[in-house]
Amino acid sequence: MSSLEVTEMGEKKRQLSFAEKIRQGIVTVLHSGSGMNERPYLKKHNESNIPGFYIIGDLAGAPVIKYAMAQGYDVIEHIATLPGAIGGNDAELYDVIIIGAGAAGLNAALQAKERGMRYVMLEREQVANTIENFPEGKYVYAEPDSQPPKGKLWLDGATKEDLIKRWNQIVHENGLNIRTMEGVQTCEKKGGVFHIRTSKGAYRGKRVVLATGQRGNPRKLNVQGEDREQVYHRLYSPRKYKNENIIVVGGGNSAIEAAVTLSEQNKVYLSYRASEFSRIFKDNERKLNAAIAAKKIDPILNSNIVEFGEHETKIKINRGAEDEVRKIPYNHAFVLVGADVPREFLKSLGLRMENEWEGSILRTVGLTLLGFLGVWIFGAHNGGQASLLGFDLSVIPAWMAAVIWTFGLAGLIRFGIKGDRFAWLGLSFFVWYTVYGAKLGKGEEFWPYRDWGYKFLSFFDRPWAFWYTVMYTALMTIFGLQAVKRWGLDRKDKFQIWRYVSLLSFQWIFFFLIPEFLFQSAVKYQWIGEKLATDPTFADQAWRSYGLVYAWPLFFYTFFYNPHQVWVVWGVLLTFVIIPILVLFHGKRYCSWICGCGGLAETFGDRWRHLAPKGKTSIKWEWMGTAVLVVATLVTVLVLIKDIYGVFRDPADLGVRLYRLYADVWLVGILPVTLYPFLGGKVWCRYWCPLAKLMQMQSNFFARIKTSKFKITANDKCIACNECSRNCLVGIDVMSYALKQETLDNKTSSCIGCGICVSVCPMDVLSFSGGQRNGNSTHVQLLSATGEVLA
Ligand SMILES: Cc1cc2nc3c(=O)[nH]c(=O)nc-3n(C[C@H](O)[C@H](O)[C@H](O)COP(=O)(O)OP(=O)(O)OC[C@H]3O[C@@H](n4cnc5c(N)ncnc54)[C@H](O)[C@@H]3O)c2cc1C
Ligand code: SF4
Ligand code: SF4
């Protein structure tokens, strides 16, 4: 039952029920990949979940004017190629309706005109309203400056006034069909046609391009007094304020620029909730430090506004053990904490957000269990266990198994298509549980598959474990080729091409061909010498060849069950000599160049890399790797004592059994792959892999004693587009390092050296130590919202 409680502030806040708290906790974890940057869900060519409805510009993640313009140009070029896109008998039906006359929308309208399309542009206020609202005299940068602007709209570095003048001139000269002061209120698709209603009229169109930006939706603090007339969420004329006490709230570039400009004629208090300004341009940091040194700005870090009073602002400052409340007299306040995606507006149009967690957890659990019940009944008729909670399942006819199974899985698919992401999660779990449940080995399969799954999934006299390896390698190869195209060939990036060649080669040679075929051939034809080939402790244990590349503690079995001394020597050499040397020179690149677990994540999991959990809490979760490493070490010690001294037999066997089940099956096998489409591909590698943690410790140590050769450095060209942070598979906020030109290594992060941040940066900001770029050093690329290369 939900209830209402009254907070200190007098606001009414709903108390969550236990079930709601559980749901909120689950959603918080699953949503952690979105970070601060929530975006609408987009497919290729910026098409939304509604066919024919496109989203471009700021709203689609274009961080600067030039990118927004490029998306406007490209979306029309794409639409123009579609069948029946231009013209028709219905004179009142537009080919395209463009909503929002900002950089993206204007360039789209110019291109639509160029292409001879019947179009109309609807603008809520005035042409280029966002830029009109920039502070007076603001210089507008035309970054990236090495990339010419696309389309007919003009762009060069200029004051906002000059830029607006040029744009209005272009609008006038081209006679663009723009309806200003006409905000779009509703949009419905009926019979394949979009029906749009504005504050003044109605329009019908074959396609819609939404370019409304997100600046019209400034983020609020939601504190008392925020709606007072002296509290603003924009700064328009900084020079207007003189000899005043001014509060600026925020820690991004807009807030810092405002604080610095206002401090020229006023006393400024800068309140920011974090302990440092970590996301600002180096130049802004310099100006801010100068203003602080000159006592023109008083920075109040770790602080939150409690209330804007009539003449005083109440600020709570976190001082560790206790909070201090400070009252500051003020004339004006500027809350510049960014803008929120206009979620409500987008949802009202029927649009879906990226990584949105709507739907029912309970229904998903129910349908997934039904799927498993169907499997269990089927098993009961095919040699599997018949009893479930004391009930004999074999009395239920086999055809009912098919009905129950279909009902469960078809239900998950149906609700998934309707937008319930929990349903997809349930389906993903069902698939990977099945894959692993049947893979464990004869009689060890998970319950619904026990005593029959192994047999049922053995084909051509080969066990399911073999077909699992085939499937794994096939998945890696198919999606690896896609990833090579996406990151290597399309970008002409040699570093990424070699990385994927390396990952695929290791998988094919060391994790498929050798353990499944070549080891046996080497024994049969005595390529390894007669002595070794005829020694049963070596020859009969092909599975140990995984230890050729998988080091302890990822593959601690190398040292277990009385191995041949060849494996012991190699295992020690690999873990304690080769890996540390690799780490010294390349950090944790083992994870992104060699390992099969990392390989599947970088290939099959690549399309979901932007969903990797982000933020400080997600970094704290990395402690789990240490826990797994400690347990793996304990189990290793126990087993070695057992093997050498013959004691601790039971605890050692139990330790291996439990570790095998929880780490090898659940943490490596079922959970990470289940979570690929929801938390990106690196859940195991980042949070649970004991070898990754060991390498992290070694690399951290080498960095601290300044011997590590691995680091990423940044130049001063960062435009804060966030592409690097968005695409980091281990959730590192690369942008904050880039903005401050700080070194990123394993002392400061858990980077695995994949180089995707270096590749994706449109400004060539990042490079590995020594200034080495990924292949092409001068090519600058524009990306679409879905990560395609635009230019
Ligand atoms: C303070 C600040 C400084 C910046 N400085 C720079 C810079 O120097 N260089 C740079 O390249 N970029 C800069 N940017 C980023 C730049 O402003 C954006 O990248 C760019 O404006 C995005 O263009 P857009 O067309 O997607 O959206 P916008 O320019 O925001 O245009 C959206 C338009 O849609 C209209 N609209 C909104 N809702 C509706 C509706 N319901 N119906 C109809 N119309 C609607 C709005 O009125 C607006 O005119 C800055 C941004 C800020 C906030
Ligand atoms: S910081 Fe860059 S190189 Fe390191 S893991 Fe993230 S994307 Fe890869
Ligand atoms: S370093 Fe990151 S945020 Fe900066 S320009 Fe490059 S990709 Fe964008």
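Please read these numbers as outputs of a predicted model, since none were measured by experiment.

Student: Looking at this structure, I do not really get the overall build of the protein chain. What am I missing?
Tutor: Scanning the protein chain from N- to C-terminus turns up 27 helices and 23 strands. In terms of overall dimensions, the protein chain is globule-like: its C-alpha atoms have a radius of gyration of 30 Å, near the 28 Å expected for 791 residues. Along the first, second and third principal axes, the C-alpha set of the protein chain runs to 90 × 65 × 60 Å. Among the 791 residues that make up the protein chain, the fraction classed as buried is 52%. Taking all contacts inside the protein chain whose residues are at least 6 apart in sequence as the whole, residues at least 24 apart take part in 67%. In the structure as shown, the protein chain presents an accessible area of about 36500 Å², 58% of it carried by carbon and sulfur atoms. Distance between charge centroids for the protein chain: 2 Å, based on 92 positive and 72 negative side chains.

Student: When you look at the site of ligand 1 in this model, what are you seeing that I'm missing?
Tutor: Taken together, the neighbourhood of ligand 1 is formed by 31 residues, with Asp58, Ile65, Glu123, Thr130 and Tyr141 sitting nearest. Within the backbone of Tyr141, one N or O atom sits 2.9 Å away from a nitrogen atom of ligand 1. Contact between ligand 1 and Val184: a nitrogen atom at 2.9 Å from a main-chain N or O atom of the residue. For ligand 1, whose unbound accessible area comes to 1000 Å², protein coverage reaches 90%. Going through the elements one at a time, α2 (65-80), α3 (103-114), α4 (129-132) and β6 (139-140) are the ones with two or more residues in the shell around ligand 1. Across the shell around ligand 1, the residue classes tally to 16 nonpolar, 10 polar and 5 charged.

Student: Would you take a moment to explain the confidence of the model for the protein chain for this structure?
Tutor: Reading predicted coordinates in detail is not appropriate for stretches of low pLDDT. In the predicted model, the protein chain carries a mean pLDDT of 89, and 95% of its residues have values of at least 70. Contacts of residues 1-12 to residues separated by more than four positions or lying in other chains number 18 contacts, the stretch itself having pLDDT below 50. Within the model, the stretch residues 775-791 combines pLDDT values under 50 with 60 contacts to residues more than four positions away or in other chains.

Student: Honestly, the pairing of strand β4 (residues 93-99) in this entry has me stumped. Any pointers?
Tutor: The side chains of a regular strand alternate between the sheet's two faces. The buried fraction of β4 amounts to 7 of the 7 residues, a majority that puts the element mostly inside the structure. Pairing of β4 with strand β5 (residues 119-122), which is carried by 4 bridges, proceeds in the parallel orientation. Looking across to β5, one finds that Ile97 is bridged to Val120. For the crossover from β4 across α3 to β5, the handedness is right-handed.

Student: I keep staring at the sheet that holds strand β18 (residues 322-329) and nothing clicks. Help me out?
Tutor: Backbone-to-backbone hydrogen bonds join strands into a sheet, with any given pair of strands oriented parallel or antiparallel. Strand order across the open sheet formed by 3 strands is β16-β17-β18, with antiparallel pairing between neighbours. Lying at the two open borders of the sheet, with one neighbouring strand each, are β16 (303-308) and β18. When the angles between neighbouring strand axes are averaged without regard to direction, this sheet yields 25°. Here 5 bridges tie β16 to strand β17 (residues 312-319), and the two strands are oriented antiparallel to one another. Considered in β17, the bridge of Phe308 is made with Thr313.

Student: Please clarify how the site of ligand 2 should be interpreted in this entry.
Tutor: In the vicinity of ligand 2, the residues found are Ile712, Cys728, Val730, Ile732, Val734, Cys751, Ile752, Gly753, Cys754, Gly755 and Cys757. Looking at the shell around ligand 2 residue by residue, the class counts come to 9 nonpolar, 2 polar and no charged.

Student: Is there a simple way to think about helix α17 (residues 565-586) in this case?
Tutor: Within an α-helix, residues lying three or four positions from one another point in the same direction, as the helix has 3.6 residues per turn. Here α17 is 22 residues long and its end C-alpha atoms lie 29 Å apart, about the 32 Å a rise of 1.5 Å per residue gives. Turning to α17, its buried residues are Trp567, Gly571, Leu574, Thr575, Ile579, Pro580 and Val583. The secondary structure elements touched by the buried residues of α17 are α14 (494-524), α16 (536-539), α18 (589-594) and α24 (690-704). Positive phi appears at Gly587, one or two residues downstream of α17, with a value of about 60°.

Student: What's the story with the packing of aromatic side chains in this structure? I'm lost.
Tutor: Two descriptors summarise a pair of aromatic rings, namely the distance from one centre to the other and the angle between the planes of the rings. Across all of its chains, the model carries 53 aromatic pairs by this definition. Plain terms: the ring middles of Phe538 and Trp567 are 5.6 Å apart, the flat faces sit at 10° to each other, and that makes the pair stacked. With a gap of 29 residues between them, Phe538 in helix α16 and Trp567 in helix α17 connect regions that are remote in the sequence. Pair check on accessibility: Phe538 and Trp567 agree, each one buried. These aromatic residues form a ring-pair network of at least three members: Trp543, Tyr546, Phe555, Phe556, Tyr557, Phe560, Tyr561 and Tyr659. Lying over the aromatic face of Phe415, Arg363 brings its terminal NZ or CZ to 3.7 Å of the ring centre. It is Arg499 that lies over the ring of Tyr500; its NZ or CZ is 4.7 Å from the centre.

Student: Before we go on, may I ask you to explain the environment of Pro299 in this structure?
Tutor: With respect to the helices and strands, the residue Pro299 is situated in strand β15 (residues 297-300). Along the chain, Pro299 and Gly390 lie 91 residues apart, while their C-alpha atoms are 68 Å from each other. Pro299 has contacts with Leu270 and Ile292, leaving out every residue within four places of it along the chain.

Student: Sorry if this is basic, but what is going on with empty space enclosed by the protein here?
Tutor: One way to see where empty space is left: roll a probe the size of a water molecule over the atoms. The tally for this structure, following the rule as stated, stands at 7 cavities of 30 Å³ or more. Lining the largest cavity are 13 residues, and of these Lys588, Cys685, Arg686, Ala692 and Ser750 lie nearest its centre. Contributing elements (two or more residues each) for the lining of the largest cavity: α23 (683-688) and α24. Split by residue class, the lining of the largest cavity holds 6 nonpolar, 3 polar and 4 charged.

Student: Any chance you could explain the pairing of strand β9 (residues 184-190) here in plain terms?
Tutor: Note that β9 and strand β10 (residues 193-198) share 6 bridges and pair antiparallel. Across the sheet, Glu188 pairs through a bridge with His195, a residue of β10. In textbook terms, the turn of a hairpin is the stretch between consecutive antiparallel strands, and for β9 and β10 this stretch comprises 2 residues, one of which, Gly191, has a positive phi near 55°.

Student: Sorry, what's going on with the nonpolar core here?
Tutor: Side chains of nonpolar character tend, in soluble globular proteins, to be buried together. By size, the foremost hydrophobic cluster in this structure holds 116 residues, and its most contacted members are Val96, Leu106, Trp167, Tyr590 and Leu766. Counting 41 residues, the second largest nonpolar core, distinct from the first, contains Phe479, Leu504, Val665 and Val673.

Student: What is the right way to look at the sheet that holds strand β19 (residues 332-335) in this model?
Tutor: One open sheet accounts for 5 strands, arranged β12-β19-β13-β14-β15; its pairing is parallel. Each of the sheet's edge strands pairs with one partner strand only, and the pair in question is β12 (231-232) and β15. One ladder, built from 5 bridges, connects strand β13 (residues 245-249) with strand β14 (residues 267-271); its direction is parallel. Across the sheet, residue Val248 finds its bridge partner in β14, namely Leu270. Contacting β13, β14, β15 and β19, helix α6 (residues 253-262) crosses the sheet at an angle of about 170° to β13.

Student: Would you take a moment to explain unusual backbone geometry for this structure?
Tutor: When glycine is set aside, most residues are seen to have a negative phi, and most peptide bonds are trans. Here the residue pair Trp552 and Pro553 is connected by a cis peptide bond, since its omega of 5° sits within 30 degrees of zero. Tracing the backbone shows Pro553 in the loop between α16 and α17. Not every positive phi belongs to a glycine, and Phe648 is a case in point at roughly 60°. With respect to the helices and strands, Phe648 occurs in the loop between α21 (623-645) and α22 (649-679). In this structure Phe648 comes out as partly exposed when scored by relative accessible area, which is 45%.

Scoring rules and cut-offs
- Residues numbered from 1 in each chain as written.
- Chains lettered and ligands numbered in written order.
- Predicted model: local features only at pLDDT ≥ 70, side-chain atom pairs only at ≥ 80, totals over all residues.
- Heavy atoms only, no water.
- Helix = DSSP H or I, 4+ residues; strand = E, 2+ residues; numbered from the N terminus.
- Rg over C-alpha atoms; globule rule 2.2 N^0.38 Å.
- Buried < 20%, exposed > 50% of the residue type's maximum accessible area, 1.4 Å probe, protein only.
- Contact = heavy atoms within 4.5 Å.
- Areas by Shrake-Rupley, 256 points an atom, 1.4 Å probe, with all protein chains shown as cover.
- Lys, Arg positive; Asp, Glu negative; His and termini not counted.
- Charge placed at Lys NZ, Arg CZ, Asp CG, Glu CD.
- Near = heavy atom within 4 Å.
- Polar contact = N/O pair within 3.5 Å; in protein donor to acceptor, adjacent residues only side chain to side chain.
- Nonpolar A, V, L, I, M, F, W, Y, C, P; charged D, E, K, R; others polar.
- pLDDT = per-residue confidence, 0-100.
- Pairing = 2+ DSSP bridges.
- Right-handed = clockwise from strand over helix to strand, strands pointing away.
- Axes fitted to C-alpha atoms, helices over the stretch in contact; angles between N-to-C directions.
- Expected span 1.5 Å × (residues − 1).
- Phe/Tyr/Trp six-rings, centres within 6.5 Å; stacked < 30°, edge-to-face > 60°.
- Lys NZ or Arg CZ within 6 Å of the ring centre and 35° of its normal.
- 1 Å grid on protein atoms, 1.4 Å probe; cavity = no way out; pocket = protein on both sides within 12 Å on 5 of 7 lines; lining within 4 Å.
- Points joined across faces, edges and corners; volume = space filled by probe spheres on them.
- Core = buried A, V, L, I, M, F, W, Y, C linked by side-chain atoms within 4.5 Å.

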